[in-house]
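# Breakdown of the fold
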Amino acid sequence: QVQLVESGGGLVQPGGSLRLSCAASGSIFSIYVIGWYRQAPGKQRELVATIRSGGNTNYADSVKGRFTISRDNARNTAYLQMDSLKPEDTAVYYCNVHPEYSTSIVLGSWGQGTQVTVSS
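Given the structure is predicted, the values throughout are model-derived calculations rather than measurements.

### Thoughts on the pairing of strand β4 (residues 33–39)
Burial analysis of β4 places 6 of its 7 residues in the buried class, the great majority of the element. Bridging between β4 and strand β9 (residues 91–98) involves 7 bridges; their strand directions are antiparallel. Residue pairing across strands places R38 opposite Y93, the latter belonging to β9. Pairing of β4 with strand β5 (residues 46–51), which is carried by 5 bridges, proceeds in the antiparallel orientation. In the strand pairing of β5, G35 is matched with T50. As consecutive antiparallel partners, β4 and β5 are separated by 6 residues, and within that stretch G42 has a phi angle of approximately 75°, a positive value.

If you want it as structure tokens, here you go:
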């Protein structure tokens, strides 16, 4: 199983920015779809962004235009640039990897996640 470690979270004011990182183990990182997820207190984990091996991206409506997902296959790392943050973006953020044919299949171990808190 692919091991994943998220980092880069913190406390930020509304309207601010954060850049999250997802470091993955293994040498075949480049073939996977990468997904960023979040889970707010009392809510289910939700998928907020994906990036395919070819670079195509997709975003949840709630973050479209504010978040940008990217990947650096040479570094086995994915990123989530979060701009114009809102209090409702407060959550623990996780990443995982999927095969190209289905994002319903999770191939990585869920990490500890990284806490993002948006508050004044």
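### Here we look at the sheet that holds strand β2 (residues 10–12)
Sheet strands line up and pair through hydrogen bonds in the backbone, either parallel or antiparallel. On the basis of which strands lie adjacent, the open sheet formed by 6 strands has the order β2-β10-β9-β4-β5-β6 and mixed pairing. Lying at the two open borders of the sheet, with one neighbouring strand each, are β2 and β6 (57–59). Strand after strand, the sheet turns through a mean of 25° between neighbouring axes, direction not considered. Bridge analysis of β2 against strand β10 (residues 114–118) gives 3 bridges, and the strand direction is parallel. Across the sheet, L11 pairs through a bridge with T117, a residue of β10.

### Regarding the pattern of salt bridges
Per the counting criterion, the structure on display carries 6 salt bridges. The residue K64 makes a salt bridge to D61 at a minimum N-O spacing of 3.2 Å. A relative accessible area of 67% means that D61 is categorised as exposed. Several salt bridges converge on common partners, so that one network encompasses R38, E46, R66 and D89.

### Side note on the pairing of strand β8 (residues 77–82)
Counting buried positions along β8 gives 5 out of 6 residues, so the element sits mostly inside the fold. Where strand β3 (residues 18–24) and β8 come together, 6 bridges link them in antiparallel fashion. Its bridge partner being in β8, S21 is matched across the sheet by Y79. Relative to β8, strand β7 (residues 67–72) runs antiparallel, the two being bridged by 6 bridges. Of the residues in β8, the one forming a bridge with T68 is Q81. Here β7 hands over to β8 after 4 residues, with N76 in that stretch at a positive phi of 50°.

### Digging into the side chain of T50
The residue T50 is located in strand β5 in this model. Non-local contacts of T50, meaning those with residues more than four positions away in its chain, are made with V33, I34, G35, N56, T57, N58 and I69.

### Looking at the state of the cysteines
Applying the stated criterion to the full structure yields 1 disulfide. Here C22 engages in a disulfide with C95; their sulfurs sit 2.0 Å apart. Disulfide C22 to C95: torsion about the S-S bond roughly 80°, handedness right-handed. Here C95 lies in strand β9 and C22 lies in strand β3, a separation of 73 residues in the sequence.

Cut-offs used in this document
- Residues numbered from 1 in each chain as written.
- Predicted model: local features only at pLDDT ≥ 70, side-chain atom pairs only at ≥ 80, totals over all residues.
- Heavy atoms only, no water.
- Buried < 20%, exposed > 50% of the residue type's maximum accessible area, 1.4 Å probe, protein only.
- Helix = DSSP H or I, 4+ residues; strand = E, 2+ residues; numbered from the N terminus.
- Pairing = 2+ DSSP bridges.
- Axes fitted to C-alpha atoms, helices over the stretch in contact; angles between N-to-C directions.
- Salt bridge = Lys/Arg side-chain N within 4 Å of Asp/Glu carboxyl O.
- Contact = heavy atoms within 4.5 Å.
- Disulfide = S-S within 2.5 Å.

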